[in-house]
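Tertiary structure, described
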Amino acid sequence: MNFDGILFFPVTPFDSSGSVDHELLASHVGRGVEQGAGGVFPACGTGEFHALSTAEAAAVVRTAVASVAGAVPVVAGTGGPLGHALETARAAADAGADALLALPPYLVGGPQAGLVAYVEAIAAASDLPVIVYHRANAQFTPESMRRLADNPRIVGFKDGTGDIGATQLIVRAIADAGRDDFAFFNGLLTAELTQAAYRGIGVPLYSSAAFAMIPEVANAYYRAYVEHDEERRLALLDAFYTPLVTLRDETPGFGVSLIKAGLRLSGQAVGGVRAPLVDPTADQERRLAAILDAGRALL
C-alpha cells in the first residue's frame, strides 16, 4: 500500500448529547484531504477507537470513506478484544475501507505465537490488507514480523514503542522476507519529534495527530522534512513541537485531548473526549493556544 504525504488521524467529533457528529466528521476529514493528507485513518487512536462501540466505529469509517471519495487510502482501526476486533474488521470492510490498522489486544499479554495468531485472525476476518501496530502489549520480535510478512495481506508496520534498534531489526527482517511492498511508519505520539531518526533506519512515513489540529504547521514541517531543510525543520521543532510535547506529557491521554482542544480553539465544535481520557484545564487550553499561535507565527 502506497502513501504519499502525512498520515492523517482524524478525531471523532461528539455533539452535545455525546453522539458522533457525522456532519462535522465529514467536514473534518474533507479538510484534511484538501490539505494534502496521504492517507486517512478514522476510528484509530486519535479517533478514540478505545471508546467507540462496534456500530459507532463502523459508522465513523463509513462517513470517512464517503468524505474521502477515493482520493487517498482509508485505513480503519480495529483491535481490542478479539471478538470486537473481528467485528470491527468486517464492519470496516463493509463500510468501504481500503485497509485495517490492527491495534493491540485488550488487557492481556500473550506470547509471540499468540500475538501472531491475533493478527492473522484479524487478517482472515475480511479481504482487507492489515497494518500491524507495534506497541504496548503487542510488541513483535523480528522473527514474528518475518512470519507475518509471509502473509501477503499483512502490508505494513507502525512502531509505537520508540525503540529504534528493535524497529531497525524488524525493517531488515521484512526485507529479508523479500517484501519490498511494506509500508513502515513512525506511530509515536507527536511523531515529528522523532521522525528524523526513523528516516535513518528506513521508516520514511509518520502519523501526525498535529495535522488534525493545525494542518498548516504540520504541512510546513513535512515540507521541511522531505526537502531536507534542517534549519526550517528545527525552527518548527523548537517553537511548536517541543512545547506541545511538554504540555502533552503533563497528563495521560493528552495525545488525543489536546488535539480536540486545539480544534475547539479554532472554532470547530468537536466536543470533548470520552472517559477514561480527560479534557485540558482552562490554563492548559490557554497554554495550548499560545503554542498554536507560536507555530502559526513561523509560517
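Residues numbered from 1 in each chain as written. Predicted model: local features only at pLDDT ≥ 70, side-chain atom pairs only at ≥ 80, totals over all residues. Heavy atoms only, no water.

Quick look at the layout of surface pockets
Of the pockets and cavities examined, the largest pocket occupies roughly 970 Å³. Lining the largest pocket are 40 residues, with Gly45, His50, Tyr133, Arg135 and Val256 sitting closest to its centre. Elements supplying a minimum of two residues to the lining of the largest pocket: strand S8 (205-208), helix H8 (209-213), helix H10 (230-248) and helix H11 (254-265). Considering each element in turn, the lining of the largest pocket owes the most residues, 5 residues, to H11. Per-class residue counts for the lining of the largest pocket are 22 nonpolar, 14 polar and 4 charged. Put simply, the second largest pocket is a space of about 190 Å³. If you trace the second largest pocket, you find 15 residues lining it, with Arg31, Ala212, Met213, Pro215 and Gln268 closest to the centre. Only helix H1 (22-34), H8 and helix H9 (215-226) provide two or more residues apiece to the lining of the second largest pocket. (1 Å grid on protein atoms, 1.4 Å probe; cavity = no way out; pocket = protein on both sides within 12 Å on 5 of 7 lines; lining within 4 Å. Points joined across faces, edges and corners; volume = space filled by probe spheres on them. Helix = DSSP H or I, 4+ residues; strand = E, 2+ residues; numbered from the N terminus. Nonpolar A, V, L, I, M, F, W, Y, C, P; charged D, E, K, R; others polar.)

Here we look at the nonpolar core
Residues Ile122, Met145 and Phe240 are the most contacted members of the largest nonpolar core, which totals 85 residues. Among the elements that make up this core, the one with the highest residue count is helix H4 (residues 112-125) (7 residues). Discounting chain neighbours no more than four positions away, the residues touching Ile122 are Thr78, Ala85, Leu86, Ala89, Leu100, Ala102 and Val130. Counting residues in hydrophobic clusters, the runner-up holds 16 residues, among them Leu7, Ala99, Ala183 and Phe185. (Core = buried A, V, L, I, M, F, W, Y, C linked by side-chain atoms within 4.5 Å. Buried < 20%, exposed > 50% of the residue type's maximum accessible area, 1.4 Å probe, protein only. Contact = heavy atoms within 4.5 Å.)

Description of a nonpolar patch on the surface
A cluster of nonpolar side chains, namely Tyr106, Leu107 and Val108, defines an oily patch on the protein surface of about 370 Å² accessible area. Mapped onto the elements of the fold, Val108 is located in the loop between strand S4 (99-102) and H4. (Patch = residues over 30% accessible without salt bridge, like charges linked within 9 Å, V, L, I, M, F, W, Y side chains within 5 Å. Areas by Shrake-Rupley, 256 points an atom, 1.4 Å probe, with all protein chains shown as cover. Salt bridge = Lys/Arg side-chain N within 4 Å of Asp/Glu carboxyl O.)

Considering the sheet that holds strand S6 (residues 154-159)
Working definition: the strands of a sheet are paired by backbone hydrogen bonds and lie parallel or antiparallel to each other. Pairing is parallel across the open sheet formed by 8 strands, whose spatial order is S2-S1-S8-S7-S6-S5-S4-S3. Only two strands of the sheet have a single partner each, and these edge strands are strand S2 (39-40) and strand S3 (75-78). Sheet analysis places S4 next to strand S5 (residues 130-134), joined by 3 bridges and oriented parallel. In the sheet register, Leu101 faces S5, and the bridge partner there is Ile131. (Pairing = 2+ DSSP bridges.)

Thoughts on the pattern of salt bridges
Counted according to the given criterion, the structure contains 13 salt bridges. Measuring nitrogen to oxygen at the nearest pair gives 2.7 Å for the salt bridge that ties Arg179 to Asp181. Between Arg296 and Asp293 there is a salt bridge, and its shortest N-O distance comes to 3.6 Å. Highlighted residues: Arg296 and Asp293, both in helix H12 (residues 282-297), separated by 3 residues, approximately one helical turn. Residue class for Asp293 comes out partly exposed when judged on its relative accessible area of 48%.

Some words on H1
The end-to-end C-alpha distance of H1 is 18 Å, a good match for the 18 Å that 13 residues give at a rise of 1.5 Å each. Where H1 is concerned, the buried positions are Leu24, Leu25, His28, Val29, Gly30, Gly32 and Val33. Of the surrounding secondary structure, the elements contacted by the buried residues of H1 are strand S1 (7-8), S2, helix H2 (54-68), H8 and H11. Its side-chain oxygen placed 3.3 Å from the backbone nitrogen of Glu23, Asp21 serves as the N-cap of H1. Backbone geometry just after H1 places Gly36 at a positive phi near 100°. (Expected span 1.5 Å × (residues − 1). Polar contact = N/O pair within 3.5 Å; in protein donor to acceptor, adjacent residues only side chain to side chain.)

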